[in-house]
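Structural overview
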Amino acid sequence: MINASLNSNLLEEFNQNGFLILDEFIDLQYLDKLKDRIEPLFKGEFETGIEPDEWNWKSGRDSNDVTRQICNAWKSDNLIKKIVCNSIIGECVSKLMGWKGARLLQDNVLWKPPLGRSLLFHQDASYDDWVTPQTMVTCWMPLDDSSIETGTLEYVVGSHKWDLCPPSGTFHAPDDYKKELKMYAKNNNKILDIVEIKVPAGGVSFHHGLTWHGSGTNKSPYHRRALVAHCVPHDAKFHPTNCGGTGRIYRKYKMNDTDELNESFFPILWKDK
Ligand SMILES: O=C(O)CCC(=O)C(=O)O
């Protein structure tokens, strides 16, 4: 279903740039089936009967020109679960980050329709201060060919070597999706080297949790859909007190008398033997 092998050159590329693109990752035979799952999800049709944790857009209720996002569709749909909970993702992200294992903290289904607006430049790890260690790596899997015209993901090359900057600004459809990034760069004397990535459907881009990234408006007549797995080390725990970022939603999964991230809500994808 997913195939990848990472060699030392690819690991070096990730360490150098803060991201790594592979043109082939998900078997192409699954792409149409995966795309077919997306519209029903945004209509509230859930195969497992379980509602996802976050859901910013509903068919018929919300404006058409925003990027549609669902968080934790794996709980609602078994095919999406097979992708975002795949052990190959866990093994790849562990190797990239030098971890002994990886756990899914959260997935995203992203659907940017024609004229779908931008997503704010941010660092993924800045949203997970409720987890310790506060780190992350993201596996971004486009289901459609992505390019500058379709509002692809944009990275600031090398920004994974910068400090963590707390989240600020509107995430969905901000007036200027680079505003916070430009402010951070100005205040910290950073030079911005931004690349708009081109990844074919079925490929993957991994990025470090500190890598600044965002995406512009879809100016093409085509839909731009992606599945995303946000991963943390397998032995990450709930932070004892922090509940900022997305913690206001996910701390409800903390069990009594333990800081462990429970396997039922944050599945382990892969562990070194
Ligand atoms: O697909 C996008 O436009 C943004 C995705 C993103 O922010 C992420 O995967 O961390």
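One structure accompanies this document, and this report is about it. These numbers come from a predicted model, not from an experiment.

Each helix and strand counted, the protein chain has six helices and 14 strands in total. For the protein chain, the spread of C-alpha atoms along the principal axes amounts to about 50 × 50 × 35 Å. Expressed as a percentage of contacts within the protein chain between residues at least 6 apart in sequence, the contacts between residues at least 24 apart total 83%. Carbon together with sulfur atoms contributes 47% to the accessible area of the protein chain, which is approximately 12,300 Å² in total. Averaged over its 32 positive side-chain charges, the protein chain has a centre that lies 2 Å from the centre of its 37 negative ones.

This brings us to the pattern of salt bridges. The full count for this structure, using the stated rule, is 13 salt bridges. Between E47 and R37 there is a salt bridge; the shortest N-O distance is 3.2 Å. In this pair, E47 sits in the loop between α2 (31-42) and β2 (54-55) while R37 sits in helix α2, placing the two residues 10 residues apart along the sequence. Classification of E47 by relative accessible area gives partly exposed; the value is 48%. For R37, a relative accessible area of 26% puts it in the partly exposed group. What emerges from the salt-bridge pattern is a single network uniting K35, D144 and R225.

By secondary structure assignment, the location of H207 is in strand β10 (residues 204-208). As a C-alpha pair, H207 and T241 span 34 residues in sequence and 27 Å in three-dimensional space. Dropping the residues within four chain positions of it, H207 is found in contact with F14, G18, F19, D124, V137, T138, L153, Y155 and H213. Separated by 2.8 Å, the side chains of H207 and D124 make a polar contact.

Glancing now at the nonpolar core. Core analysis: the biggest nonpolar cluster contains 46 residues, and F25, V84, I89, V109, M141, F206 and L227 have the highest contact counts within it. Every residue in contact with M141, bar those within four places of it in the chain, is listed here: F25, I26, I83, V84, I89, G203, V204, R225, A226, L227, V228 and A229.

Below, the discussion takes up the environment of V156. For V156, the location among the structural elements is in strand β8 (residues 153-156). Leave out the neighbours within four places in its chain, and V156 touches N17, F121, W162, L181, L192, D193, I194, T211 and W212.

Quick look at α2 now. In this model, α2 (12 residues) spans 18 Å end to end at C-alpha, consistent with the 16 Å of a helix rising 1.5 Å per residue. Listing the buried residues of α2 in full gives L31, L34, K35, I38, L41 and F42. The arc that holds the buried residues of α2, viewed along the axis, is 115 degrees, so those residues lie on one side. Within α2, the exposed residues directed more than 90 degrees away from the buried face are D32 and D36.

Reading the values: rules and limits
Sequence order as written defines residue numbering, which begins from 1 separately in each chain. For this predicted model, a pLDDT threshold of at least 70 governs which residues receive local features, and a threshold of 80 or more governs which side-chain atom pairs are given and counted, while totals over whole chains, interfaces and linings are taken from all residues. Side-chain measures were taken over the full set of non-hydrogen atoms in the model, leaving aside hydrogen atoms and water. Helical segments are the DSSP runs of H or I of at least four residues, strand segments are the runs of E of at least two, and each set is numbered from the N terminus. Any pair of residues with heavy atoms lying within 4.5 Å of one another is described as a contacting pair. All accessible-area figures derive from a Shrake-Rupley calculation using a 1.4 Å probe, and residue coverage is judged against the displayed protein chains alone. For this count, His and the chain ends are skipped, Lys and Arg are scored as positive, and Asp and Glu as negative. For the purpose of locating charges, the reference atoms are NZ of Lys, CZ of Arg, CG of Asp and CD of Glu. Put simply, a salt bridge is a Lys or Arg side-chain nitrogen that is within 4 Å of an Asp or Glu carboxyl oxygen. Only protein chains enter the calculation, and the probe is 1.4 Å; a residue is then buried if its accessible area is under 20% of its type maximum, exposed if over 50%, and partly exposed in between. For this analysis, a polar contact is any N or O atom pair within 3.5 Å, provided that within protein one partner can donate a hydrogen and the other can accept it, and provided that sequence-adjacent residues contribute only side-chain to side-chain pairs. Nonpolar cores are built from buried Ala, Val, Leu, Ile, Met, Phe, Trp, Tyr and Cys residues. Side-chain atoms within 4.5 Å join them into one set. Expected helix span is computed as 1.5 Å times (number of residues minus one). Throughout, the arc means the angular range of directions from the helix axis out to the C-beta atoms.

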